[in-house]
Amino acid sequence: QVQLVESGGGLVQAGGSLRLSCAASGRTLRLDTTGWFRQAPGKEREFVAAIRWNEGNTFYSDSAKGRFTISRDNAKNTVYLQMNSLKPEDTAVYYCAAQALRATAWAASLYDYWGQGTQVTVSS
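Below is a summary of the structure that appears in this document. (Residues numbered from 1 in each chain as written. Predicted model: local features only at pLDDT ≥ 70, side-chain atom pairs only at ≥ 80, totals over all residues. Heavy atoms only, no water.)

1. Considerations on the nonpolar core
Here is the rule we go by: Definition of nonpolar core: a set of buried residues of the types Ala, Val, Leu, Ile, Met, Phe, Trp, Tyr and Cys, connected through side-chain atoms within 4.5 Å. Only protein chains enter the calculation, and the probe is 1.4 Å; a residue is then buried if its accessible area is under 20% of its type maximum, exposed if over 50%, and partly exposed in between. Strands here mean DSSP runs of E at least two residues long; helices mean DSSP runs of H or I at least four residues long; both are numbered from the N terminus.
By size, the foremost hydrophobic cluster in this structure holds 29 residues, and its most contacted members are L4, W36, V48, F68, L81, M83 and Y94. Elements represented by at least two residues in this core include exactly β1 (2-7), β3 (18-26), β5 (46-52), β7 (68-73), β8 (78-83), β9 (92-99) and β11 (118-123). Formed by 6 residues, the second largest nonpolar core is a distinct cluster that contains F37, F47, A97 and Y111.

2. Details of the side chain of T33
So the rule is basically this: Counting of polar contacts relies on pairs of N or O atoms within 3.5 Å, with two restrictions inside protein: one atom must be capable of donating a hydrogen and the other of accepting it, and residues adjacent in sequence are counted only when both atoms are side-chain atoms.
Looking at the element boundaries, T33 is found in strand β4 (residues 33-39). Accessibility expressed as a relative area gives 0% for T33, which makes it buried. Among the polar contacts listed, one links the side chain of T33 to the side chain of D32, at a separation of 2.7 Å. Among the polar contacts made by the side chain of T33, one reaches the side chain of R52 at a distance of 2.6 Å.

The structure is reproduced here in structure tokens:
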């Protein structure tokens, strides 16, 4: 099994920055891809960004491109999401997720493990 623990959420003003962390433990050698998703109240969970552990290939949603950067530290089994130029519409619970086998990076249904989520609130 794999456990994912997110941290780094909080309250920030519009235009500010936050860095989210996702620490993986357990059978992490099985992981291929780690992604970030978010869910705002009353909305569906949506893809934000993902990274392949081996090659480092990255994927971003249109809303994240140019503002968010996903990265990983293989030695620490940790994936980061640096979020800059935050907007009120970025307010959501952010979830870290991991795939054991390679699959479409932006499809939430294809992720095997999920963290508990961390709240990000952007005030205007």
